[in-house]
Structure formats: structure tokens, C-alpha cells
Amino acid sequence: MPEPLPVLGAPPTADPPGVLAACDGSDGSLWALDRAMTEAQLFGLPLYVLAVADPSPGGYPPGMADLVRESVTRLTASTADGLRRSVATVQAARTWPYTGVLSLHVVLGSVIEVLLSCTPGQHTLVVGARGNGGFPRLLLGSVSTAAVHHAACPVLVVPAPPAR
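Here the structure is a predicted model, which is why all the values come from computation and not from measurement.

### A short note on the layout of surface pockets
Remark: the empty space left among the atoms is shown by a probe the size of a water molecule rolled over them.
Part 1: The calculated volume of the largest pocket comes to roughly 600 Å³.
Part 2: As for the largest pocket, its lining consists of 29 residues, and the residues nearest its centre are Cys23, Asp24, Ser26, Ser29 and Val143.
Part 3: Elements with a minimum of two residues in the lining of the largest pocket: helix H1 (27-43), strand S3 (47-53), helix H2 (64-93), helix H3 (111-117), strand S5 (124-128) and helix H4 (142-150).

And the structure:
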């Protein structure tokens, strides 16, 4: 059985610049990850796959951080496992597996803030669009909207594939 892909607990840097893919395990992020693999392979760039977990969207009251440390550790491990499974799922479905440089990153914090902080110097940010058909398909989610308006690199928003 092969060793599991290592997951770094720090944000990716742009040294060297690469394709940054945001992945939360949703269908949209898996479609975006597939496209990010294609882009990275096409341009001969490294692929940085980033998952962000926000353990406390509202912040912790005083003294609470120590009490939830174990839960945050479990959240980080679970997110890393989900990221590995997402990459494996996309790789298995591809006609030609991605063979370039690949690094996985799990970072704690606000999804939009962390994602945007990783964009300076990157070649491209790839994110999935939200919506599954009809009118919702025309809408972007909050992450893809923030990326399009505020990223420090070009952004590729990947829509859902056409319904069959």
C-alpha cells in the first residue's frame, strides 16, 4: 500500500509560482481540482491544493481556546484525510493522471482570507462555481466571488459540467 500523500499545515508559497486549487471536497471543488491538474500539467507548473478549515467562525470566548484544542486537532486531521481522498478521487477519474509536482495544504482560518493570502505570485487560482443548474448555476458562491474580485493572480472559475 503506498504511503499517504503528505499534507502540510502551512499555506503554499508562490516559490515557485504554480496553480493553486481550492478544495473543500464538494463536487464543484473536485471539478475545479481536475481542471487545476490539467492547467498545471499543461504549463509544467507545480500544483498546490489548499483546504481551509475554520474551527470557529465567530471566534472563541476567553479561555475557550484551550478547551477546544483537541477538537481542532481532530478537525485538521479529518480535513487532511478528506483532502487526500479528494485528490485520489480526481486522479482515479482522469484519463491521464496528473504527474507533476503536487503539494497538499490544510490551513486553519477564514476560508476567504486564507485563500486570498495565498494568491500573490501564483500563476492561477482555480475555484469551483456554486450552483447545480437553472438559475443557481448562474450564481457564484461567496468564495469564488471574493476570489474573482480580490485575488492577486488570475482566477479560473470552473462551472459544473453540463447535465446529462
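Now that the structure has been shown, we can carry on.
### Some details on unusual backbone geometry
Part 1: Note that the residue after aspartate 15, namely proline 16, is joined by a cis bond; omega there is 5°.
Part 2: For proline 16, the position within the fold is in the loop between strand S1 (7-8) and strand S2 (19-22).

### Let's talk about the pairing of strand S4 (residues 102-108)
Part 1: For S4, the buried fraction is high: five of the seven residues fall into the buried class.
Part 2: By the bridge criterion, two bridges tie S1 to S4 in an arrangement that is parallel. By the bridge assignment, leucine 8 is partnered in S4 with histidine 105.
Part 3: Summarising the sheet, S3 and S4 pair through seven bridges and their orientation is parallel. Within S4, the position partnered with leucine 47 by the bridge is leucine 102.

### Things to note about the confidence of the model for the chain
Part 1: With 83% of its residues at a pLDDT of 70 or more, the chain has an overall mean of 85.
Part 2: Across the chain, element-level confidence peaks in S2 with a mean pLDDT of 96 and bottoms out in H2 with 85.

### Some words on H1
Part 1: The terminal C-alpha atoms of H1 lie 25 Å apart, and with 17 residues this matches the ideal 24 Å at 1.5 Å per residue to within 8%.
Part 2: For H1, every residue scored as buried is listed here: Gly28, Ser29, Leu30, Ala32, Leu33, Ala36, Met37, Glu39 and Ala40.
Part 3: Remark: glycine 44 follows H1 within two positions and exhibits a positive phi of approximately 65°.

### Overview of the sheet that holds S4
Part 1: The six strands are arranged S1-S4-S3-S2-S5-S6 in an open sheet whose pairing can be described as parallel. Both outer strands of the open sheet, S1 and strand S6 (155-158), are each paired with one neighbouring strand and no more.
Part 2: For S2 and S3, the ladder comprises four bridges, and the chain directions are parallel. By the bridge assignment for S3, valine 19 is matched with leucine 47.
Part 3: Packing of H1 onto the sheet brings it into contact with S2, S3, S5 and S6, and relative to S2 it is tilted by some 170°.

### Some points on the pattern of salt bridges
Part 1: Enumeration according to the criterion identifies three salt bridges in this entry.
Part 2: In this structure, glutamate 39 and arginine 35 form a salt bridge, with 2.8 Å as the shortest nitrogen-oxygen distance. Residue glutamate 39 and its partner arginine 35 are located together in helix H1, separated by four residues, close to a single helical turn.
Part 3: Residue arginine 35 is classed as partly exposed on the basis of its relative accessible area, which comes to 39%.
Part 4: In this structure, arginine 85 and aspartate 81 form a salt bridge, with 3.1 Å as the shortest nitrogen-oxygen distance. Here arginine 85 pairs with aspartate 81, and both are found in helix H2, just four residues apart, close to one helical turn.

Rules used throughout
- Residues numbered from 1 in each chain as written.
- Predicted model: local features only at pLDDT ≥ 70, side-chain atom pairs only at ≥ 80, totals over all residues.
- Heavy atoms only, no water.
- 1 Å grid on protein atoms, 1.4 Å probe; cavity = no way out; pocket = protein on both sides within 12 Å on 5 of 7 lines; lining within 4 Å.
- Points joined across faces, edges and corners; volume = space filled by probe spheres on them.
- Helix = DSSP H or I, 4+ residues; strand = E, 2+ residues; numbered from the N terminus.
- Buried < 20%, exposed > 50% of the residue type's maximum accessible area, 1.4 Å probe, protein only.
- Pairing = 2+ DSSP bridges.
- pLDDT = per-residue confidence, 0-100.
- Expected span 1.5 Å × (residues − 1).
- Contact = heavy atoms within 4.5 Å.
- Axes fitted to C-alpha atoms, helices over the stretch in contact; angles between N-to-C directions.
- Salt bridge = Lys/Arg side-chain N within 4 Å of Asp/Glu carboxyl O.

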